[in-house]
Amino acid sequence: IKKIGVLTSGGDSPGMNAAIRAVVRTALYYDLEVVGIRRGYEGAVNGEFIEMDRKSVANIIQRGGTILKTARSKSFQTKEGRQKAYEQLKSKEIDALVVIGGDGTFTGATVFGEEFDLPIIGLPGTIDNDLFGTDFTIGYDTAINTAVDAVDKIRDTAESHDRVFIVEVMGRDSGLIALRSGIGVGAEAIMIPESKTGVEHLIHRLEVGRKDKSSKIIMVAEGDDAGGAFKLGDIIKEKFPHYDTRVSILGHIQRGGKPTCMDRVLASRLGVAAVEGLLEGRKAEMAGLIHGKIVFTPLDHAIKHNQEVNQSLLKIVEILSL
Ligand code: F6P
């Protein structure tokens, strides 16, 4: 391997810049050239390349978003698009890739790597924490801290008005943001797709719960079976007309902002591991961190097996929110 391409793809996450910096500087450390590919796979198809040196990644470790920009590419999903991307990479003499993103990114990388026998290492960059093969994804820690900060503020006004707030956090297919941030804010209930306890259970808990508590926070994951915060809000309003109920959707605020130190260190460690993995001859694997150790997992395995929800965390909510 002489020249590595690096790209970010799919939804951005805080810490992606720290990961880009680590990949670029590790490549240079090992005397490899490194090229930045803008706008994810879309930039590969269109040949949007930029030379990266030590200075190009200076002063970015603390910045949210991604300096390389990102996209969800439609053309890369076609055989012709991927062929074009391969030709662009070849003309630039890029002989390996580091792709930073989530499940869509890894699906693309698996197909592309197989079709053209190109070594690709994936780094888990998503706020959702929904990849198998790493305890935490880059951006998750920042996102849950952003959510906690926002809900602490909502709690102030909820308490002042004696209100029930349904707060929706991100996670299309995963409740892991809702689960941890919900514990962090002392939520009275958490609704996530993985818990399968459903709206009936929530209603029961509200019925038997403390009557003297003036405010209640119900955290709901975007992907929960209840069908979103507004729908849930309507159900609560109907069942408990005496509650003053409000709905708040945190939205994309969770994707931005300065990465926490945890995310910066995780991104730095995984960025180094990605380049070293390529030099060891690895391909089609994701670098992750499990119990503090670098672990490589086949890309298709990382996406097909979602992170399991830690059942003891769900039990904590039941015990502590009484
Ligand atoms: O995968 C990250 C994520 O933020 C999900 O939690 C959310 O469902 C989705 O991306 C939103 O995507 P977009 O910004 O493209 O609407």
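Residues numbered from 1 in each chain as written. Predicted model: local features only at pLDDT ≥ 70, side-chain atom pairs only at ≥ 80, totals over all residues.

The protein chain appears in an unreviewed UniProt entry as ATP-dependent 6-phosphofructokinase from Pseudopedobacter beijingensis. UniProt, in its Function (unreviewed entry) section for the protein chain, records the words "Catalyzes the phosphorylation of D-fructose 6-phosphate to fructose 1,6-bisphosphate by ATP, the first committing step of glycolysis." Per UniProt, the protein chain carries the Subcellular location (unreviewed entry) text "Cytoplasm". (UniProt positions renumbered as here; feature names shortened; annotations may be inferred.)

Strand order in the open sheet made by the four strands is S7-S8-S6-S9, with parallel pairing throughout. Edge strands, defined here as strands with exactly one partner in the open sheet, are strand S7 (189–191) and strand S9 (244–249). Across the sheet, the mean angle separating the axes of adjacent strands is 20 degrees when strand polarity is ignored. Of the strand pairs in this sheet, S7 and strand S8 (residues 216–221) are connected by three bridges, and their pairing is parallel. Of the residues in S8, the one forming a bridge with Ala189 is Ile218. (Pairing = 2+ DSSP bridges. Helix = DSSP H or I, 4+ residues; strand = E, 2+ residues; numbered from the N terminus. Axes fitted to C-alpha atoms, helices over the stretch in contact; angles between N-to-C directions.)

This part covers the sheet that holds strand S3 (residues 49–51). One open sheet accounts for seven strands, arranged S3-S2-S1-S4-S5-S10-S11; its pairing is mixed. Edge positions in the sheet fall to S3 and strand S11 (293–298), since each of these pairs with one other strand and no more. For this sheet the average axis-to-axis angle between neighbouring strands, irrespective of direction, equals 30 degrees. In terms of strand pairing, strand S1 (residues 3–8) meets strand S2 (residues 33–37) through five bridges, oriented parallel. Opposite Ile4, over in S2, you have Val34 as the bridge partner. Contacts from helix H4 (residues 103–116) reach strand S4 (96–101), strand S5 (120–124) and strand S10 (285–290) within the one sheet, and its direction differs from that of S5 by about 175 degrees. (Contact = placed C-beta atoms within 7 Å.)

Counting through the fold element by element, Leu89 comes out in helix H3 (residues 79–91). For Leu89 and Ile37, which are 52 residues apart along the polypeptide, the C-alpha to C-alpha distance reads 9.6 Å.

To continue, consider the UniProt feature "active site" (unreviewed entry) in the protein chain. Sites flagged by UniProt as "active site" (unreviewed entry) map to Asp128. Looking at the secondary structure, you find Asp128 in the loop between S5 and helix H5 (140–161). The class of Asp128 is buried, set by 28 C-beta atoms lying within 10 Å. Sequence-distant contacts of Asp128, that is, excluding residues within four places in its chain, are made with Gly102, Thr137, Gly171, Ser174, Leu176 and Ile177. (Buried ≥ 20, exposed ≤ 12 C-beta atoms within 10 Å, placed from the backbone.)

To continue, consider unusual backbone geometry. Its identity is not glycine, yet Asp31 carries a phi of approximately 60 degrees, on the positive side. One can find Asp31 in the loop between helix H1 (16–29) and S2. Since 7 C-beta atoms lie within 10 Å of it, Asp31 is described here as exposed.

A few words now on the UniProt feature "domain: Phosphofructokinase" (unreviewed entry) in the protein chain. What UniProt calls "domain: Phosphofructokinase" (unreviewed entry) maps, in this numbering, to residues 3–277. Across residues 3–277, the secondary structure splits into 43% helix and 17% strand, with the terminal C-alpha atoms separated by 14 Å.

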